[in-house]
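The primary structure of each chain is shown beneath.
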Amino acid sequence: MSAPIAGNIDAWRGAAVGREGFITFTATLPGAKMPPPRVRAHFDTLPNGDRLLVGRSVDDLDQFVRTIQLAFAAAIVLMFALAGFASVAVTRRTAGRIEAINATSREIMRSGLNSRIPLRGTRDEWDLLSANLNSMLDRIEELMEGVRQVSDNIAHDLRTPLSRMRGRLELAAKRRLSAEHADILIRETIGELDRVLALFSAILRIARLETQQGSASFRTVDLKEIAEGVAELFDAAAEEKGGHVNVKGAGATLMQGDRDLLFDALSNLTDNAVKYGGRCGAVTIEVSAGPAGPILAVSDRGPGIPPNEQKHVLKRFYRLEQSRTTPGNGLGLSLVAAVANVHGARITMQNNEPGLRFEIQFPGSDCGSETPEASRRGTRG
């Protein structure tokens, strides 16, 4: 029978008999008034046959585990509470911003495009979305205003020739005209119809250019050669006003483009410069190779275009003369803008002191430094 030699437990633990290693048990301490502690101990057998049990109380570790479990449970409850609060706040905030967009949409459907979505200045995703929607509404309003103006201008430009044709036909119906007068009436009516058809052809052509994608029809063209052709075409008209159409440029300036479109665009610019360039004013077509790409410019010595009107003159049917009594339909510069857009070019208007310098800056091209002979050699099979 074993008896304790030293220590503070009153009896050997039966669980430790016949085994070695760690054991956990409830110790009974002599004279202790507190509940018996739980002990984690290690058991060994000494060489002389004595048995040694060394351990310590693990009640504080159990308490620590219970504290951790309680804290973990409290953290889970707090996390769910915060998540619920956050979800409610985000939902209310999202619903509020969506309702602001819906309210603006209803207002727009009820009263027109004047309303805009209010911004809160938070610079968050909702403010960014609202700003983009407001920009889209601005663009839609601008396009709708452009459509209204184009419709008004088309009606105004067609009313005069149609009224003249109706008057001539009415005169022919009421009177017996001689063969000579009937021939004159027919020729004048055909001329009016040709102008109307030319108007619609210009509208359709601009529409096709504005929707044209890619550069399948592009070839290597010489801007200097195009400028010289246009100058030759309009020089006679300039001479009638006492001026000339001059071409400036050192050698060939090659680029990838549509020759017919570029010729038409330059013809429109030169025609405007001759018409509105003032009496005895020279018109200059300048071709140069700028650092960013070829530059095509037309300069005159006329009254120019006021700076506040320059952003409008490229619109279809827009004319500085609001009475619209002089010949023209306001599509020439619109065609120029469409051709520039097809070629990826940028248009600028500058004060020529006096007059206007209308400049088209084309993007850079790999063939800008070639000579015409080199270009022809390169295109042979």
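Description of the structure in this document.

Here is what the cut-offs are and how they apply
- Residues numbered from 1 in each chain as written.
- Predicted model: local features only at pLDDT ≥ 70, side-chain atom pairs only at ≥ 80, totals over all residues.
- Heavy atoms only, no water.
- Helix = DSSP H or I, 4+ residues; strand = E, 2+ residues; numbered from the N terminus.
- Buried < 20%, exposed > 50% of the residue type's maximum accessible area, 1.4 Å probe, protein only.
- Contact = heavy atoms within 4.5 Å.
- Areas by Shrake-Rupley, 256 points an atom, 1.4 Å probe, with all protein chains shown as cover.
- Axes fitted to C-alpha atoms, helices over the stretch in contact; angles between N-to-C directions.
- Left-handed = near helix turned anticlockwise from the far one by under 90°.
- Nonpolar A, V, L, I, M, F, W, Y, C, P; charged D, E, K, R; others polar.
- Patch = residues over 30% accessible without salt bridge, like charges linked within 9 Å, V, L, I, M, F, W, Y side chains within 5 Å.
- Salt bridge = Lys/Arg side-chain N within 4 Å of Asp/Glu carboxyl O.
- Pairing = 2+ DSSP bridges.
- 1 Å grid on protein atoms, 1.4 Å probe; cavity = no way out; pocket = protein on both sides within 12 Å on 5 of 7 lines; lining within 4 Å.
- Points joined across faces, edges and corners; volume = space filled by probe spheres on them.
- Core = buried A, V, L, I, M, F, W, Y, C linked by side-chain atoms within 4.5 Å.

Let us look at the overall build of the protein. Counting its regular elements, the protein contains seven helices and 10 strands. Per-residue burial over the protein gives 30% buried out of 381 residues. Partitioning the contacts of the protein with sequence separation of at least 6, the portion at a separation of at least 24 is 60%. Counting only carbon and sulfur atoms, one obtains 58% of the accessible surface of the protein, whose full area is about 24,500 Å².

The next point concerns the packing of helix 4 (residues 223-240) against helix 5 (residues 259-276). Where helix 4 contacts helix 5, the axes come no closer than 9 Å and their chain directions differ by 35 degrees. In the packing of helix 4 onto helix 5, the handedness of the crossing is right-handed. Between helix 4 and helix 5, the contacting residues are Leu223, Glu225, Ile226, Ala227, Gly229, Val230, Leu233, Phe234, Ala237 and Ala238 on the first element and Arg259, Leu262, Phe263, Leu266, Ser267, Thr270, Asp271 and Val274 on the second. When the residues that make up the contact of helix 4 with helix 5 are grouped by side-chain class, the tally is 12 nonpolar, three polar and three charged.

The next point concerns a nonpolar patch on the surface. Side chains of Leu61, Phe64, Val65 and Ile68 sit close together on the surface and give an oily, nonpolar patch of about 370 Å² of accessible area. By relative accessible area, which is 51% here, Phe64 ends up exposed.

Below, the discussion takes up the side chain of Ser130. Relative to the helices and strands, Ser130 resides in helix 2 (residues 125-174). With sequence-adjacent residues up to four places away left out, Ser130 is seen in contact with Arg97, Ile117 and Leu119.

Of all seven residues in strand 8 (residues 293-299), seven are buried; the element is thus mostly enclosed. Bridge count for strand 7 (residues 283-290) against strand 8 is seven bridges, and the pairing is antiparallel. Note that in strand 8 the partner of Ser288 across the bridge is Ile295. Following strand 7, the chain reverses through two residues before pairing antiparallel with strand 8. Here five bridges tie strand 8 to strand 10 (residues 356-361), and the two strands are oriented antiparallel to one another. Bridging from a neighbouring strand, Ala297 pairs with Glu359 of strand 10.

This brings us to the sheet that holds strand 2 (residues 38-45). Pairing is antiparallel in the open sheet, where three strands are placed in the order 1-2-3. The sheet terminates laterally at strand 1 (21-26) and strand 3 (51-57), the two strands that pair on one side only. Each strand of the sheet is rotated relative to its neighbour by a mean of 30 degrees, with strand direction disregarded. Pairing geometry for strand 1 and strand 2, over six bridges, is antiparallel. Looking across to strand 2, one finds that Thr24 is bridged to Arg40.

So, about empty space enclosed by the protein. In the structure shown here, the tally under the stated rule is two cavities of 30 Å³ or more. When its volume is computed, the second largest cavity comes out at roughly 40 Å³. For the second largest cavity, the full set of lining residues is Leu262, Ala265, Leu266, Leu296, Val336, Val339, Ala340, Ile360 and Phe362. If you list the elements that add at least two residues to the lining of the second largest cavity, you get helix 5 and helix 6 (332-342). When grouped by side-chain class, the residues that make up the lining of the second largest cavity number nine nonpolar, no polar and no charged.

Formed by 46 residues in total, the largest nonpolar core has its most connected members in Val245, Leu262, Leu266, Ile285, Ile360 and Phe362. Broken down by secondary-structure element, the contributors of at least two residues to this core are helix 2, helix 3 (179-211), helix 4, helix 5, strand 7, strand 8, helix 6 and strand 10. Excluding residues that lie within four positions of it along the chain, Ile285 makes contacts with Ala227, Val230, Ala231, Val245, Asn246, Val247, Lys248, Leu266, Thr270, Leu296, Ala297 and Val298. Counting seven residues, the second-largest nonpolar core is a separate cluster that includes Ala27, Val39, Ala41 and Leu53.

Honestly, it's all geometry; don't read function into it.
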